[in-house]
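Residue-level structural notes
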Amino acid sequence: KAGVTQTPRYLIKTRGQQVTLSCSPISGHRSVSWYQQTPGQGLQFLFEYFSETQRNKGNFPGRFSGRQFSNSRSEMNVSTLELGDSALYLCASSLAELAVNEQFFGPGTRLTVL
Amino acid sequence: AQKVTQAQTEISVVEKEDVTLDCVYETRDTTYYLFWYKQPPSGELVFLIRRNSFDEQNEISGRYSWNFQKSTSSFNFTITASQVVDSAVYFCALRRNYGQNFVFGPGTRLSVLP
């Protein structure tokens, strides 16, 4: 069974640009959640999607958005990139909504904003 | 407000020693979930355990054990007979009731020396 995949693995952008990251969950998993990891702020929750609906969102500005498709694949978008958006972005999938089942994480997308 | 504290920033032990990672949480909720995750040098987060606030029974899984004490708001993690492969950053996390946000602790970096 294939694990959670995230594309791209590495990305370099400049300030002001926008970026879209993709996450494909494990087959059959309907819940996808996103996290940001930085040396300064640590691990922070971004969003959770279940059956194409955003169920919860962390304390991030509106520049951070996401969506989930009918096949459970999810994308997150960051507009007007800032230097502070440089981070490892992790995606996790689970069978049901977040608090119920075990989560499986992808390898992450490392975003560098110059 | 919710908060997770992992007071131990870094721990070093010699292989085969037992080690306990501390986690103290703050929440006003009566229903919540506690988690432990492992992040090895490869960077991919690994889910270890989820515990709900109504289940104070301690759990053992192989060399891993968890001690949940609501009276002291602690959810400590013990590795028995540590191995080099246990070297990683370990995160404790708290989630409010179903559908709510996630809060992570700052992590504890465990180094197991041969």
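Residues numbered from 1 in each chain as written. Chains lettered and ligands numbered in written order. Predicted model: local features only at pLDDT ≥ 70, side-chain atom pairs only at ≥ 80, totals over all residues. Heavy atoms only, no water.

**Some points on the overall build of chain B**
Quick reminder of the rule: By the criteria applied, helices consist of DSSP H or I runs no shorter than four residues and strands consist of E runs no shorter than two, each listed in order from the N terminus. For the radius of gyration, the atom set is restricted to C-alpha positions; the globular benchmark scales as 2.2 Å times the number of residues to the power 0.38. Partly exposed residues are those whose accessible area sits between 20% and 50% of the maximum for their type, while under 20% is buried and over 50% is exposed, using a 1.4 Å probe and protein chains only. Contacts are residue-level and defined by heavy atoms, with any inter-residue pair within 4.5 Å sufficient. Values of accessible area rely on a 1.4 Å probe in the Shrake-Rupley scheme; residue burial ignores everything except the protein chains shown. The sign given to each residue is positive for Lys and Arg and negative for Asp and Glu; His and the chain ends receive no count. In plain terms, the charge of a residue is placed at NZ if it is Lys, CZ if Arg, CG if Asp and CD if Glu.
Each helix and strand in chain B was counted, giving 0 helices and 12 strands. Moving toward the C terminus, one meets the helices and strands of chain B in the order β-β-β-β-β-β-β-β-β-β-β-β. Taking 13 Å as the expected radius of gyration for a compact globule of 114 residues, we find that chain B reaches 14 Å, a close match to that expectation. Its C-alpha atoms give chain B principal-axis dimensions of roughly 40 × 25 × 20 Å. Across the 114 residues in chain B, those meeting the buried criterion constitute 47%. Taking all contacts inside chain B whose residues are at least 6 apart in sequence as the whole, residues at least 24 apart take part in 56%. Here chain B has roughly 5600 Å² of accessible surface; of this, 47% comes from carbon and sulfur atoms. Within chain B, one finds 11 positive and 12 negative side-chain charges whose respective centroids are separated by 7 Å.

**With respect to the overall build of chain A**
Per the secondary structure count, chain A includes 0 helices and 11 strands. Its C-alpha radius of gyration of 13 Å places chain A within 12% of the 13 Å reference for a compact globule of 114 residues. Here chain A, with 114 residues, has 52% of them falling under the buried criterion. Residue pairs at least 24 apart in sequence account for 55% of intrachain contacts in chain A once pairs closer than 6 positions are excluded. Charged side chains in chain A number 11 positive and 7 negative. The centres of these two groups are separated by 6 Å.

**Re the interface of chain A and chain B**
Rules: When two components associate, each loses some accessible surface as probed by a 1.4 Å sphere; the sum of these losses over both components is called the buried area. Salt bridges are counted wherever a side-chain nitrogen of Lys or Arg sits within 4 Å of a carboxyl oxygen of Asp or Glu. Polar contact criterion, stated in full: a pair of N or O atoms within 3.5 Å, where within protein one must be able to donate a hydrogen and the other to accept it, and residues adjacent in sequence count only if both atoms are side-chain atoms. Three residue categories are used. Nonpolar comprises Ala, Val, Leu, Ile, Met, Phe, Trp, Tyr, Cys and Pro, charged comprises Asp, Glu, Lys and Arg, and polar comprises the others, including Gly.
Facing the 22 residues of chain A at the interface are 16 residues of chain B. Buried surface at the junction of chain A and chain B, summed over both partners, amounts to about 1700 Å²; 55% is from carbon and sulfur atoms. Between chain A and chain B we count 1 salt bridge in total. Residue A:Glu48 pairs with B:Arg95 through a salt bridge whose shortest N-O separation is 2.9 Å. At the junction of chain A with chain B, the criterion picks out 3 residue pairs in polar contact (both at pLDDT 80 or more). Among the secondary structure elements, those contributing two or more residues to the side of chain A that touches chain B are strand E4 (31-38), strand E5 (42-50), strand E6 (53-57) and strand E9 (87-94) of chain A. Grouping the constituent residues of the side of chain A that touches chain B by class yields 10 nonpolar, 7 polar and 5 charged.

**What about the side chain of A:Ser72?**
All names here are of chain A. Along the chain, the position of Ser-72 falls in the loop between strand E7 (64-68) and strand E8 (74-78). For Ser-72, the side chain forms a polar contact with the main-chain oxygen of His-29, separated by 3.2 Å. Every residue in contact with Ser-72, bar those within four places of it in the chain, is listed here: Pro-25, His-29, Arg-30 and Val-32.

**Looking at the nonpolar core**
Which entries qualify depends on this criterion: Grouping buried Ala, Val, Leu, Ile, Met, Phe, Trp, Tyr and Cys residues that are joined through side-chain atoms within 4.5 Å yields what is termed a nonpolar core.
Ranked by size, the top nonpolar core spans 24 residues in total, and within it B:Trp36, B:Trp66, B:Phe77, B:Tyr90 and B:Leu110 carry the most contacts. The biggest single contributor to this core is strand E10 (residues 88-96) of chain B, with 4 residues. Non-local contacts of B:Trp66, meaning those with residues more than four positions away in its chain, are made with B:Trp36, B:Leu48, B:Ile49, B:Asn58, B:Glu59, B:Ser61, B:Phe75, B:Asn76 and B:Phe77. Ranked by size, the runner-up nonpolar core spans 21 residues in total, among them A:Ile26, A:Val32, A:Trp34 and A:Phe64.

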